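# Descriptive analysis of the structure
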Amino acid sequence: MSNPEPVSDKEKAKYEWRSFLFITIFLFPILAVAIVGGYGFIVWAMQVFFLGPPGHG
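Now for a description of the structure that goes with this document. Bear in mind that the values here come from a model prediction, so they are computed numbers and not experimental data.

Side chains of W17, F20, L21, F22, I25, F26, L27, F28, I30, L31 and I35 sit close together on the surface and give an oily, nonpolar patch of about 1200 Å² of accessible area. Tracing the chain through its elements places L27 in helix α1 (residues 9-51). Judged by its relative accessible area of 33%, L27 falls in the partly exposed class.

One pass over the full model with this rule turns up three aromatic pairs. Where F22 meets F26, the ring centres are 6.0 Å apart and the plane angle is 35°; that geometry is what we call tilted. Of this pair, F22 and F26 both sit in helix α1, separated by four residues, roughly a single helical turn. The partly exposed category is assigned to F22, whose relative accessible area is 46%. Note on F26: relative accessible area 47%, which makes it partly exposed.

Moving on to the environment of G37. Positionally, G37 belongs in helix α1. Given the relative accessible area of 43%, G37 is considered partly exposed. Sequence separation of G37 and L27 is 10 residues, and the distance between their C-alpha atoms is 15 Å.

Thresholds applied
- Residues numbered from 1 in each chain as written.
- Predicted model: local features only at pLDDT ≥ 70, side-chain atom pairs only at ≥ 80, totals over all residues.
- Heavy atoms only, no water.
- Patch = residues over 30% accessible without salt bridge, like charges linked within 9 Å, V, L, I, M, F, W, Y side chains within 5 Å.
- Areas by Shrake-Rupley, 256 points an atom, 1.4 Å probe, with all protein chains shown as cover.
- Salt bridge = Lys/Arg side-chain N within 4 Å of Asp/Glu carboxyl O.
- Helix = DSSP H or I, 4+ residues; strand = E, 2+ residues; numbered from the N terminus.
- Buried < 20%, exposed > 50% of the residue type's maximum accessible area, 1.4 Å probe, protein only.
- Phe/Tyr/Trp six-rings, centres within 6.5 Å; stacked < 30°, edge-to-face > 60°.

Below you can see the structure in the form of structure tokens.
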């Protein structure tokens with residue numbers, strides 16, 4: 001690669017804010033829903049196919 005153009009501090013700060021907003025507004029909520037939904041699906045599938053519904057011992 002050739003020498004990249006230096007990025008000014010103002011542009012760097014702009015990119016950092018955009019990255020922060022993207023992560024906090026989009027990425028973390030989507031990951032949280034996917035993780036919780038995936039865990040719920042795994043528990044549901046285990047109960048349907050292997051363990052049965054929860055109940056008294």
